[in-house]
Amino acid sequence: MLVIGNGKLFTRDEKLPYIENGAVAADGTKIVKIAATEEIRKLYPDAEYIDAKGGVIMPAFINTHEHIYSAMARGLGIKGYNPQGFLDILDGQWWTIDRRLTLEQTKYSAYDTMISCIRNGVTTIFDHHASFGHIKDSLFTIADVAKELGIRACLCYEISDRDGMDKAKESVLENAEFIRYALKDDSDMIAGMMGMHAQFTISDATMELAAANRPREAGYHIHVAEGIEDLHDCLKKYGKRIADRLMDWNILGEKTLLGHCIYINSHEMDLIKDTGTMVVHNPESNMGNACGCPPTMELVKRGIVTGLGTDGYTHDMTESYKVANVLHKHHLCDANAAWGEVPKMLFEHNATIANRYFKAPLGVLKEGAAADVIVVDYDPPTQLDETNLNGHILFGMTGKDVVTTVANGRVLMKDREVKTADVSEIMAKCREQSALLWKSING
């Protein structure tokens, strides 16, 4: 039994949104009681107790688009790399990295990413992995790290023809094998999807192979219209827009997640909406790659389930929230834009996306929900309650303010100390592996 109390408790549950001095009681993996701290402590006097010390207690964050394989890119300079557009960025940096990743480097990329997630209060991730240097067992290796550290993970491998059909087939089979493995796992902490890079790197033959090998319980996780080149390719080769091609291959649907969706039109939005397909917005990555700003506010307005992700650019969902807020204001020249839409994406739609793959309610603190709880060390100079929490998160908090992270009832971090890993030892190994990767790239 675990109790987290003595904090300003925000539940994201409309029936009981806020308790001034509240506590969460968890038994095993689930929340069993939400009430005032005094009441909870009387009910469970022998429980392990975490004192929030007057800070904010809230649901842990969910990241619906991660890229673990990008972990070792930090600080890397690639000889001759001078990108003139998005395709140059893909081939010159990201594909250059993933073509050389060993299984051991994938493992330590996962350690680094997930430790950072824990430190930023993120307990559930949807990762889109690529390591064409070593495909087989890469998803299983990431899953092992997730289990060790306590992170809930929905994983997929990035199918692509860019390195030939043999590797495309190997990627399909890695996805299919992992999905079947995840479906048999009863922990409610591991799930799988059929991952795809983007349609411009996927032939009809590979589409057919993926469809033939996809277990029916899983959908697809695919990049869509991230760059204008993706759209132009689809129009030129197939005479149709990207969402139409995906529709023809039966890829759209309630279990499918489309990343980015920058260059889509109203017709494609109708297809996405009518099929119940999910979308994830990655503001920092889109800006950093100069890809453009997607019609995210329109997607949300239409009722399309649109989540918020980081694309591996950061692991701090509060940072992604802040950037999305200013991006859409700037893009639309409307100071009123994004106030309601972005928190809806982060706190409601991300939970909806997660719960299409995980059984226990996520993103909310209530009886029966997963015991995914964070404590934020935050003492504002102004009033804080259920009416203005989002404003405080946007303008006052950062991921580094998280001091305690609990996932599925397991304490992953307490008082800023990660409990499920020897961080110093792991980071030393990360540096060893990144040095080997960098040397393989630059010689």
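Throughout what follows, the structure given in this document is the object of discussion.

Analysis parameters
- Residues numbered from 1 in each chain as written.
- Predicted model: local features only at pLDDT ≥ 70, side-chain atom pairs only at ≥ 80, totals over all residues.
- Heavy atoms only, no water.
- Helix = DSSP H or I, 4+ residues; strand = E, 2+ residues; numbered from the N terminus.
- Rg over C-alpha atoms; globule rule 2.2 N^0.38 Å.
- Contact = heavy atoms within 4.5 Å.
- Axes fitted to C-alpha atoms, helices over the stretch in contact; angles between N-to-C directions.
- Left-handed = near helix turned anticlockwise from the far one by under 90°.
- Nonpolar A, V, L, I, M, F, W, Y, C, P; charged D, E, K, R; others polar.
- Buried < 20%, exposed > 50% of the residue type's maximum accessible area, 1.4 Å probe, protein only.
- Arc of directions from axis to C-beta.
- Pairing = 2+ DSSP bridges.

## Some thoughts on the overall build of the protein
Of the regular secondary structure elements, the protein holds 15 helices and 18 strands. By the compact-globule yardstick of 22 Å for 443 residues, the protein fits well, its C-alpha radius of gyration being 21 Å. Counting only C-alpha atoms and orienting by the principal axes, one finds that the protein spans roughly 65 × 45 × 40 Å. For the protein, the share of sequence-separated contacts (at least 6 apart) that also reach a separation of at least 24 residues comes to 75%.

## With respect to the packing of helix H3 (residues 103–119) against helix H4 (residues 138–149)
Between H3 and H4, the least distance of the axes is 9 Å, while the angle of their chain directions is 35°. The interaxial crossing formed by H3 with H4 has right-handed handedness. For the pair H3 and H4, the contacting residues are Leu103, Thr106, Lys107, Ala110, Tyr111, Met114, Ile115 and Ile118 in the first and Ser138, Thr141, Ile142, Val145, Ala146, Glu148 and Leu149 in the second. Grouping the amino acids of the contact of H3 with H4 by side-chain chemistry returns ten nonpolar, three polar and two charged.

## Here we look at the side chain of Thr106
With respect to the element layout, Thr106 can be found in helix H3. Its relative accessible area of 1% is what places Thr106 among the buried residues. Excluding anything up to four places from it in sequence, Thr106 contacts Ile68, Leu101, His129, Ser131, Ser138 and Ile142.

## Re helix H6 (residues 204–213)
Among the residues of H6, those classed as buried are Thr206, Met207 and Ala210. Buried residues of H6, viewed axially, fall in a sector of 105°; they line one side.

## Considering the packing of H4 against helix H5 (residues 165–184)
Between H4 and H5, the least distance of the axes is 9 Å, while the angle of their chain directions is 35°. On the side of H4, the interface is formed by Ser138, Leu139, Phe140, Ala143 and Lys147, while H5 contributes Glu174, Asn175, Glu177, Phe178 and Tyr181. Each residue belonging to the contact of H4 with H5 can be placed in one class, and the counts come to five nonpolar, two polar and three charged.

## Observations concerning unusual backbone geometry
Positive phi, normally seen in glycine, also occurs at Asp137, with a value near 70°. Inspection of the secondary structure puts Asp137 in the loop between strand E7 (122–129) and H4. On the basis of relative accessible area, Asp137 is assigned to the partly exposed category, the value being 31%. Phi is positive for Asp415, close to 55°, though the residue is something other than glycine. Along the polypeptide, Asp415 turns up in the loop between strand E17 (410–414) and strand E18 (417–418).

## Brief notes about the sheet that holds strand E10 (residues 194–198)
One open sheet accounts for five strands, arranged E10-E11-E12-E13-E14; its pairing is parallel. The open sheet is flanked by E10 and strand E14 (306–308), the only strands paired with a single partner. With direction set aside, neighbouring strand axes in the sheet form an average angle of 25°. In the sheet, E10 pairs with strand E11 (residues 220–224) via four bridges, with the strands oriented parallel.

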